[in-house]
Amino acid sequence: MDGVGLYAEILIGMLAGWVAAVALGRRHSPFIYMLVGFAGAMLGHAIANGLDIHLVGVWGNLIAAIVGSILFLAPFAIFRRR
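In this text the structure is predicted, and so the values were computed from the model without any measurement. (Residues numbered from 1 in each chain as written. Predicted model: local features only at pLDDT ≥ 70, side-chain atom pairs only at ≥ 80, totals over all residues. Heavy atoms only, no water.)

A. Just helix α1 (residues 6-23), in detail. Here α1 is 18 residues long and its end C-alpha atoms lie 26 Å apart, about the 26 Å a rise of 1.5 Å per residue gives. Positioned one or two residues after α1, Gly25 has a phi angle of 70 degrees, which is positive. (Helix = DSSP H or I, 4+ residues; strand = E, 2+ residues; numbered from the N terminus. Expected span 1.5 Å × (residues − 1).)

Laid out in structure tokens, this is it:
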């Protein structure tokens, strides 16, 4: 994530993981939220770079992380319900 420090990245990852889990109706520990948020941030930024969308600041990073986290957790939610 550009323009934010390490602690801000951790907080953004935890928040994004939590929002994705709430959106998909799942409950996890804060550590899992952080891992999901980190993976989601990487996925969200890869998608944004592929679409040539430039993300600036904390809010841009947070939006990309949330979208990526939801996309990261969605397949797990589909397979878990069956």
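Structure shown, so let's carry the discussion forward.
B. The environment of Ala64, seen in detail. Structurally, the position occupied by Ala64 is in helix α3 (residues 57-81). Here the alpha-carbon distance between Ala64 and Met42, two residues 22 residues apart in the chain, equals 8.6 Å. The contact partners of Ala64, leaving out residues within four places of it in the chain, are Gly40, Gly44, His45 and Leu55. (Contact = heavy atoms within 4.5 Å.)

C. Up close: unusual backbone geometry. We note that Asp52 has phi near 60 degrees; this positive angle belongs to a residue other than glycine. Considering the arrangement of structural elements, one finds Asp52 in the loop between α2 (30-50) and α3.

D. Region of the structure containing α2. Between its first and last C-alpha atoms α2 spans 30 Å; for 21 residues at 1.5 Å apiece the expected length is 30 Å, and the two agree. Three or more residues of α2 are buried, namely Tyr33, Val36, Gly37, Gly40, Ala41, Gly44, His45 and Ala48. Around the axis of α2, the buried residues are gathered within 165 degrees of arc, so they sit on the same side. Away from its buried face by more than 90 degrees, α2 exposes Phe38, Met42, Asn49 and Gly50. Directly beyond the C-terminal end of α2, a positive phi value near 60 degrees is found at Asp52. (Buried < 20%, exposed > 50% of the residue type's maximum accessible area, 1.4 Å probe, protein only. Arc of directions from axis to C-beta.)

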